Amino acid sequence: MCDITFRSAEATDWPAMGVLTSAAFGFQQPEETAAAWRSLVASDGAVVACAGDEVVGTAVFLDFELTVPGGAVLPMAGVSMVAVAPTHRRRGVLTGMLDELHRRMVGYPIAGLEASEAEIYGRFGYGPATVWERLEVHRRGARVHPGVPDPGGVRMARPIDHRAQLEDIDERWRRRTPGGLHTPARLWDEVLADREESRHGGTPRYCLLHADGYAFYRLFGDEKTTAEVTKFAAATAEAEIALWRVLLGLDLKEVVGIHTHPRHLLPYLLTDPRRVRVTSVEDGLWLRMLDIPAVLQARTYSADLSAVLEVSDGFLGRGGRFALDVRGGQAACVATDAEPDVCLDVSVLGSLYLGAHRASSFAAAHRLRCKDSELVSALDAAFASEIPAQLGFGF
Ligand SMILES: CC(C)(COP(=O)(O)OP(=O)(O)OC[C@H]1O[C@@H](n2cnc3c(N)ncnc32)[C@H](O)[C@@H]1OP(=O)(O)O)[C@@H](O)C(=O)NCCC(=O)NCCS
């Protein structure tokens, strides 16, 4: 690649960076929204690629906190605003920017992102770590199973009047949910502003509020017969049931939709689970370990395990052999010279980390090689997460 230089973004670069991202993704954020996201960029966490004095590439990382199984929270570099000018694609601009960006992630044991296309980031050591499923329930005639309690306690509320309570519920929810992210105050400002540009053709946002949970939804369609849940957080099982009872009772609505994880409660609440359909399945959060022992020691595990992992990392060279010993849910992980029991790429380890994907699936695809099948089962059992992982919010 010739004539491309990489440097920190300066304040004067942001308009050009905004043009690149809006040309790539087809939308332009209102200035207040763009400023809120800019405020989350980590110190020296924005790079541009330049051809002469023309900005032809942009990539940043945001300063986030990621919840891992067991409830520990890790600093996470959230890669975002990645775009290359259509005139300069496929000549290594992205590779150069990510090289530059990852060198700046000092103090971050893990990085994460959402991928526009699933073929881009595996080569950089990222693996899909949560599954994002859209469910819809056809609610006419849908009946709640007689065994399901009716906790009540839900009211319609104006979010702006209950900001502190919403933030508190969200914090409690994200601290117990693998993949959960802390929502900074500047993003709450944006959520509560409910800007026209964020409605995607839907109505203004409605809010159902419970002492331990909330659901935001909008109505879509010519007749406004689809209620799409745009944000849902329940810190207790009781709040989740209470909120779903109200959503299932939305008269005049044919369909209630939600993007969620694949182990959702909804089919189990109904006498007829076929009223719930999966309309799409995609990857959500992608993870990339930067400090493998620190990250593996941070989560708790569901079963004991003793294995030497050989992790390949072609992009950053931070792989190697690691002895992972799990006892009573806690892990010790150290570099070792011992012979490996399991060989895998760092992207696969990222996919296993939150428990959303199983070692046995990767073993079947020959992307994880293990000395015996019992060890594959032991990996499945250890990395499972009782609480399903899901992406805290999109970035
Ligand atoms: C995706 C994008 C950033 C890639 O930038 P780029 O400068 O062309 O990427 P590079 O030249 O560094 O590519 C590095 C490697 O990834 C591959 N690659 C890049 N983008 C790819 C894509 N969309 N699909 C499949 N492979 C891709 C390249 O072929 C290259 O492979 P190679 O090393 O085997 O030759 C650019 O196409 C773009 O701006 N797309 C629109 C915005 C977007 O999707 N951004 C990502 C947001 S998550």
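Below or above, wherever it landed, is the structure these notes cover. All values reported here derive from a predicted model rather than from experimental measurement.

**A look at the nonpolar core**
So, step 1. Among the nonpolar cores identified, the biggest contains 87 residues, and Met105, Leu296, Leu324 and Tyr353 are the most heavily contacted of them.
So, step 2. Two domains share this core, each providing at least three of its residues, namely domain 1 (4-108) and domain 3 (288-383).
So, step 3. Beyond its immediate sequence surroundings of up to four residues, Tyr353 is in contact with Val68, Pro69, Leu74, Ile110, Leu287, Met289, Val295, Leu296, Ala298, Arg299 and Phe383.

**Quick word on the pairing of strand β7 (residues 131-138)**
So, step 1. Burial analysis of β7 places six of its eight residues in the buried class, the great majority of the element.
So, step 2. With seven bridges joining them, β7 and strand β13 (residues 276-283) adopt antiparallel strand pairing. Residue pairing for β13: Glu133 is matched across the bridge by Val281.
So, step 3. As defined by bridge partners, β7 adjoins strand β12 (residues 255-260) across six bridges and the pair is classed as antiparallel. Bridge assignment links Val137 to a residue of β12, and that residue is Val256.

**Re the pattern of salt bridges**
So, step 1. All told, the structure shown has 29 salt bridges when counted by the stated rule.
So, step 2. Between Arg174 and Glu171 there is a salt bridge, with its nearest N and O atoms 3.0 Å apart. A residue pair is termed a helical-turn pair when its members lie 3 or 4 positions apart in one helix, as Arg174 and Glu171 do in helix α4 (residues 163-176) at three residues.
So, step 3. Several salt bridges converge on common partners, so that one network encompasses Asp44, Asp99, Glu100, Arg103 and Arg104.

**Side note on the packing of aromatic side chains**
So, step 1. Counted under the stated rule, the structure contains 11 aromatic pairs.
So, step 2. Centroid distance Trp188 to Tyr214: 6.4 Å. Interplanar angle 65 degrees. Geometry classified as edge-to-face. With Trp188 in helix α5 (residues 185-193) and Tyr214 in strand β10 (residues 213-220), this pair connects stretches of sequence that are 26 residues apart. Like Tyr214, Trp188 is buried.
So, step 3. Centroid distance Tyr301 to Phe383: 5.3 Å. Interplanar angle 90 degrees. Geometry classified as edge-to-face. Highlighted residues: Tyr301 in the loop between α8 (292-298) and β15 (305-312) and Phe383 in helix α11 (residues 373-383), separated in sequence by 82 residues. For the residue pair Tyr301 and Phe383, the accessibility class agrees, reading buried in each case.
So, step 4. Feature note: the residues Tyr121, Phe124, Tyr126 and Phe315 constitute an aromatic cluster, connected by ring pairs.
So, step 5. Taking NZ or CZ as reference, Arg205 lies 4.7 Å from the ring centre of Phe216, over its face.

**Regarding the packing of α4 against α5**
So, step 1. Where α4 meets α5, the closest approach of the two axes is 12 Å, and the angle between their N-to-C directions is 120 degrees. Judged on the interaxial angle alone, α5 and α4 are oblique. Once α4 is placed against α5, the crossing between them reads as right-handed. Across from Arg163, Leu166, Glu167 and Asp170 in α4, the residues of α5 making contact are Ala185, Trp188, Asp189 and Leu192.
So, step 2. Tallied by class, the residues present in the contact of α4 with α5 amount to four nonpolar, no polar and four charged.

**Topic: unusual backbone geometry**
So, step 1. One non-glycine residue, His200, lies in positive phi territory at about 50 degrees.
So, step 2. Considering the arrangement of structural elements, one finds His200 in the loop between α5 and β9 (206-210).
So, step 3. Phi is positive for His366, close to 65 degrees, though the residue is something other than glycine.
So, step 4. Secondary-structure assignment places His366 in the loop between α10 (359-364) and β19 (368-370).

**So, the environment of Arg91**
So, step 1. Within the secondary structure layout, Arg91 lies in the loop between β4 (73-84) and α3 (93-103).
So, step 2. Arg91 gets classed as partly exposed once you look at its relative accessible area, which sits at 42%.
So, step 3. When the C-alpha positions of Arg91 and Ile4 are compared, they lie 9.7 Å apart, and in sequence the two are 87 residues distant.

**Focus: the environment of Leu135**
So, step 1. Its location among the elements puts Leu135 in strand β7.
So, step 2. Taking the C-alpha atoms as reference points, Leu135 and Pro273, separated by 138 residues in sequence, lie 12 Å from one another.
So, step 3. Not counting residues within four places of it along the chain, the set of residues in contact with Leu135 comprises Val256, Gly257, Ile258, Thr260, His264, Leu266, Val276, Arg277 and Val278.

Calculation rules
- Numbering of residues starts from 1 in every chain and runs along the sequence as written.
- Two thresholds apply to this predicted model, a pLDDT of at least 70 for residue-level local features and 80 or more for giving and counting side-chain atom pairs, whereas whole-chain, interface and lining totals are computed over all residues.
- Water and hydrogen atoms were dropped before computing side-chain values, which therefore reflect all heavy atoms in the structure.
- For our purposes a nonpolar core is just a set of buried Ala, Val, Leu, Ile, Met, Phe, Trp, Tyr and Cys residues, chained together by side-chain atoms within 4.5 Å.
- When accessible area is computed with a 1.4 Å probe and restricted to protein chains, residues below 20% of their type maximum are described as buried, those above 50% as exposed, and intermediate ones as partly exposed.
- Boundaries between domains were set according to an automatic or database domain assignment.
- Here, residues are in contact when the closest pair of their heavy atoms is within 4.5 Å.
- Here a strand is any run of E in DSSP of at least two residues, a helix any run of H or I of at least four, and the numbering for each starts at the N terminus.
- The rule for pairing is simple: two strands pair if DSSP sees at least two bridges between them.
- When a carboxyl oxygen of Asp or Glu is within 4 Å of a side-chain nitrogen of Lys or Arg, the pair counts as a salt bridge.
- Side-chain rings of Phe, Tyr and Trp, where Trp is taken by its six-membered ring, are said to pair if the distance between their centres is within 6.5 Å; with planes under 30 degrees apart they count as stacked, over 60 as edge-to-face, and otherwise as tilted.
- Think of it as a cone above the ring: NZ of Lys or CZ of Arg counts as a charge over the ring if it is within 6 Å of the ring centre and within 35 degrees of the ring normal.
- Note on geometry: axes are C-alpha line fits, over the in-contact stretch for helices, and angles between N-to-C directions span 0 to 180 degrees.
- Each angle receives one of four descriptions, namely roughly parallel if under 35 degrees, roughly antiparallel if over 145, roughly perpendicular if within 65 to 115, and oblique otherwise.
- A crossing counts as left-handed when the near helix is turned anticlockwise from the far one by less than a right angle, and as right-handed when that turn is clockwise.
- Each residue receives one of three labels: charged for Asp, Glu, Lys and Arg, nonpolar for Ala, Val, Leu, Ile, Met, Phe, Trp, Tyr, Cys and Pro, and polar for the others, Gly being one of them.

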